[in-house]
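For reference, the chains in residue letters:
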Amino acid sequence: MKLIIIGGVAGGASAAARARRLDEHATITIYDRGAYISFANCGLPYHLGDIIKNRDELILMSPSGFEQKTQVTIKTRHEVSAIDPHKKTVTVRDLASGNEFSDTYDKLILSPGSSPLIPPVPGAKNPKVLCLWTIPDMDQIKSIIDSGINSAVVIGGGFIGVEVAENLAYKGIEVTLVEMLPNILPQLDAEMAAPLHEEMRHHRVKLYLGNGVSEINEQGAKFIVSLQDGTALHTDLVIMAVGVRPNVELAKSANLAIGESGGIQVNSTLQTSNPDIYAVGDAIEVNHLAIGRPARIALAGPAAKQGRIAANNIYGANQAYRGSLGTSICKVFNKSAASTGANETTLQQAGISYLKCYLHPASHASYYPGAEMMHIKVLFNHQERILGAQIVGGQGVDKRIDVIATSIRNGLTITQLEELELCYAPPYGSAKDPINFIGFVANNLLKGHTEIVTPEAIPAEAFVLDVREDFEVARGMIPGAQHIPLGQLRNRLDTLPKDTLIVVYCKVGIRGFNAERILKGNGFSAKNLSGGYLSWQMFQSSRVHRTQPFHEGETNVH
Ligand code: FAD
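Anyway, here's the lowdown on the structure attached to this text. Numbering of residues starts from 1 in every chain and runs along the sequence as written. In keeping with the model being predicted, local features are shown solely for residues with a pLDDT of at least 70 and side-chain atom pairs are shown and tallied solely at 80 or more, while totals for entire chains, interfaces and linings include all residues. Only hydrogens and water are set aside when side-chain values are computed; all heavy atoms of the structure are taken into account.

A word on the overall build of the protein
Threshold: Only DSSP runs of H or I covering at least 4 residues are called helices, and only runs of E covering at least 2 are called strands; the numbering of each starts at the N terminus. In this treatment the radius of gyration is a C-alpha quantity, and the globule benchmark scales as 2.2 Å times the residue count to the 0.38 power. We call two residues in contact when some of their heavy atoms are within 4.5 Å. His is not counted here, nor are the chain ends, while Lys and Arg score as positive and Asp and Glu score as negative. A single reference atom marks each charge: NZ on Lys, CZ on Arg, CG on Asp, CD on Glu.
A count of helices and strands for the protein gives 14 helices and 29 strands. Against the globule reference of 24 Å for 558 residues, the protein gives a C-alpha radius of gyration of 26 Å, in line with a compact fold. Each of the three principal axes of the protein carries a C-alpha extent, and together these read 90 × 60 × 40 Å. The long-range share in the protein, meaning contacts at least 24 apart out of those at least 6 apart in sequence, stands at 64%. Considering the protein, the positive charge centre built from 51 side chains and the negative charge centre built from 54 side chains are found 3 Å apart.

Some points on unusual backbone geometry
Filter applied, for reference: Buried residues are those whose accessible area, probed at 1.4 Å on protein chains only, stays under 20% of the maximum for their type, while exposed residues exceed 50% and partly exposed ones sit between those limits.
Despite not being glycine, asparagine 318 has its phi angle at roughly 55 degrees, a positive value. Mapped onto the fold, asparagine 318 is located in the loop between α8 (300–314) and β20 (328–332). The exposed category is assigned to asparagine 318, whose relative accessible area is 64%. Positioned with a positive phi, glutamate 384 is a non-glycine residue whose angle comes to about 75 degrees. Structurally, the position occupied by glutamate 384 is in the loop between β23 (375–380) and β24 (386–393).

Describing the site of the ligand
We count it as follows: What makes a residue near a molecule or strand is one non-hydrogen atom of that residue sitting within 4 Å of it. In protein, a polar contact means a hydrogen-donor-capable atom and an acceptor-capable atom, both N or O and within 3.5 Å, with residues adjacent in sequence counting only if both atoms are side-chain atoms; elsewhere, any N or O pair within 3.5 Å suffices. Note on areas: Shrake-Rupley, 1.4 Å probe, and residue coverage restricted to the protein chains presented here. Residues are sorted three ways: Asp, Glu, Lys and Arg are charged, Ala, Val, Leu, Ile, Met, Phe, Trp, Tyr, Cys and Pro are nonpolar, and all the rest, Gly among them, are polar.
Around the ligand there are 28 residues in total, and Gly11, Asp32, Ser111, Asp282 and Ala300 lie nearest to it. At 2.7 Å, a side-chain N or O of aspartate 282 approaches an oxygen atom of the ligand. Within the complex, the protein chains bury 89% of what would otherwise be the 1,000 Å² of accessible surface of the ligand. Of all the secondary structure elements, the ones that give two or more residues to the shell around the ligand are α1 (10–22), β2 (27–32), β4 (78–84), α5 (159–170) and α8. Sorting elements by how many residues they give to the shell around the ligand places β4 first, with three residues. Grouping the constituent residues of the shell around the ligand by class yields 16 nonpolar, eight polar and four charged.

Remarks on the sheet that holds strand β22 (residues 355–359)
Selection criterion: In this description, strands pair whenever DSSP reports at least two bridges between them. As a rule, the C-alpha atoms of each element are fitted with a line to give its axis, helices using only the stretch in contact, and angles between N-to-C directions run from 0 to 180 degrees.
What the five strands build is an open sheet, ordered β20-β21-β24-β23-β22; its pairing is antiparallel. Both outer strands of the open sheet, β20 and β22, are each paired with one neighbouring strand and no more. The sheet shows a mean angle of 10 degrees between the axes of neighbouring strands, taken without regard to direction. As defined by bridge partners, β22 adjoins β23 across five bridges and the pair is classed as antiparallel. Residue pairing across strands places cysteine 357 opposite valine 378, the latter belonging to β23.

Comments concerning the pattern of salt bridges
Rule in force here: A side-chain nitrogen of Lys or Arg and a carboxyl oxygen of Asp or Glu constitute a salt bridge if their distance falls within 4 Å.
For the structure shown, the criterion picks out 26 salt bridges. Of the charged contacts in the structure, one is a salt bridge between lysine 206 and glutamate 174, with a shortest N-O distance of 3.3 Å. With lysine 206 in strand β11 (residues 206–209) and glutamate 174 in strand β10 (residues 174–179), the pair connects residues that are 32 residues apart, well separated along the chain. Of the charged contacts in the structure, one is a salt bridge between lysine 520 and glutamate 516, with a shortest N-O distance of 2.6 Å. Of this pair, lysine 520 and glutamate 516 both sit in helix α13 (residues 510–521), four residues apart, which is roughly one turn of that helix. Residue classification places glutamate 516 among the buried residues on the basis of a relative accessible area of 0%. Shared partners join several salt bridges into a network, and the residues in it are Asp189, Glu191, Glu344, Lys356, Lys377 and Glu456.

Let's talk about the packing of aromatic side chains
In plain terms, the rule: Ring geometry is summarised as follows: Phe, Tyr and Trp rings, the Trp one being its six-membered ring, pair when their centres sit within 6.5 Å, and such pairs are stacked at plane angles under 30 degrees, edge-to-face over 60 and tilted between the two. The rule is short: NZ of Lys or CZ of Arg within 6 Å of the ring centre and within 35 degrees of the ring normal puts a charge over the ring.
Here the structure, examined in full by the defined rule, presents six aromatic pairs. Geometrically, the ring pair formed by tyrosine 170 and phenylalanine 333 is edge-to-face, given 5.6 Å between the ring centres and 80 degrees between the ring planes. In this pair, tyrosine 170 sits in helix α5 while phenylalanine 333 sits in the loop between β20 and β21 (335–341), placing the two residues 163 residues apart along the sequence. Accessibility expressed as a relative area gives 3% for phenylalanine 333, which makes it buried. Ring pairs connect the aromatic residues Tyr505, Tyr533 and Trp536, which therefore count as one cluster. In this arrangement the basic side chain of arginine 468 is found over the ring face of tyrosine 533, its NZ or CZ atom lying 4.2 Å from the centre. Positioned above the aromatic ring of phenylalanine 524 is the side chain of lysine 498, whose terminal nitrogen or guanidinium carbon lies 4.7 Å from the ring centre.

Looking at the sheet that holds strand β9 (residues 151–155)
Within a beta sheet, neighbouring strands are joined by backbone hydrogen bonds and run either parallel or antiparallel to one another. With respect to topology, four strands assemble into an open sheet ordered β11-β10-β9-β15, the strand pairing being parallel. The sheet is open, and its two edges are formed by β11 and β15 (237–240), each paired on a single side. Within the sheet, the average angular offset between the axes of one strand and its neighbour, ignoring direction, is 15 degrees.

Considerations on the packing of helix α10 (residues 397–409) against helix α11 (residues 434–446)
Convention followed: Oblique is the label for any angle not covered by the other classes, which are roughly parallel (under 35 degrees), roughly antiparallel (over 145) and roughly perpendicular (65 to 115).
Put simply, α10 and α11 touch, their axes get as near as 10 Å, and they point 50 degrees apart. Between α10 and α11, the interaxial angle falls into the category oblique. The segment α10 lies against α11, with Arg400, Val403 and Ile404 engaging Pro434, Ile435 and Ile438. Of the residues assigned to the contact of α10 with α11, the class counts are five nonpolar, no polar and one charged.

With respect to helix α6 (residues 190–202)
Formally: To estimate the expected span of a helix, count its residues, drop one, and scale the result by 1.5 Å.
The first and last C-alpha atoms of α6 sit 18 Å apart over 13 residues, in line with the 18 Å expected at 1.5 Å per residue. Residue arginine 204 follows α6 closely and has a positive phi angle near 65 degrees.

Shown next as structure tokens:
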């Protein structure tokens, strides 16, 4: 067997290592146009902030180390410029010498990844406008940071932009993040990103949301980043992080089929339209498991697993890659933002109808020190299928999103979450885990024990009733709401209208549910505000159109 792999990082390195384990005698070659293989792209932002102090820790294996361990030939700084599927050859250019040669394969695996997207605005292609993509990119940005700059503008609020902004802020740099959409982290719906905006503001990152970049100009040692609303940001460093595009040019020129999402089309065994060529990673189109549509999902986990599966299948396994959910997590200073499956935007674009609910449980038993509130949003349908979830909070966010991701993949219904037996001791969780609570809420909803309304859908004609305690109400309430603490509700029913829908709310939705049951039991028409006042606040916060930064004129904390 002569196996050639194009790209030697997440998918490619995984495929090579697996192929070697399956076949001691195969001739395996990795060609990578970069200087490194098998490096930790995901760790790059954290070296900028000196969280990972030693850059070499990000190079998981040197080319020579990989060669020695696996007997795979590694050709870094070698770009594959063409594939001839009929002759089963690749054309390779040695980027150091400029020499070109051809190599033959029995099987070929493409793992060429994606490249940073450069928006079509004047100045964006200036080579001094930097992207964080590779080890050399990181080294360059790090040396600029260490030269003692004061300010940076990060363009793009996806996970790379957010991680870079956070790490630059850790270095005491005054950071401005510009995002064209109304919220950062587009895998989240706007209201779920609202607490993250607060968190970034708290750490003195200035946010311009809903405001794109129109031009970037170099002025001496500085840059002026002009925004669509006319704002001009003067800065020492510009980092571009507006998204990724799949590297499909090679596949296209070899006449391999490209899918409707723009990724290389593969079948369930990760075979391209040519049976001797497999493809994995950022460059391929996968089945989005939540919506059953083709999608591109650029994440390390899927790439690494696909690399392994492609190698298995080359050796006859016939193993299916069923698809991806896009399960991801991002650290935003002291908060974590995780999601799996589809968000509302994706479902609406796909024309899929859904129900949703909000919960705000504690990460562990609230009497044990250190419990942190998490905000959970779950999307599901009337057939009880979980379509997606988003969780923002501190501790325990990762565990809960992973349980939901596992449940979706294995077809558990939302009401079955009620039954899951999850580990519990006070420092870690609650006897009724937040995951169980999602099941309780969904069960109540689907069985008709509760009717909920979400903050953006409170009918204008509804009578809005706040059942929190006086001290809670003193800190703010929904405008126009009436207040009756839950404990007094049964005695004051005669003050409430029988001919109008009553939307009742508390802080997070639990007392609101009790109030709804009391009202319904006494002949009123009532609905509970899902996630209570906290959900309402998140919606309010997400509706403030932030074209101006938070904390104008403030300096960064170190
Ligand atoms: P890559 O790992 O990008 O490897 C592709 C390789 O192919 C590159 O080295 C490239 O040089 C080479 N190549 C391309 N074309 C050719 C050619 N013609 N000839 C030779 N070589 C070629 N994902 C997560 O899940 N979690 C994270 O926290 C996370 N953080 C990230 C942070 C950063 C800064 C970056 C850049 C990415 C991050 N990702 C994260 C995404 C993740 O790294 C990618 O999804 C994953 O690496 C994709 O694997 P891949 O094998 O498809 O491509």
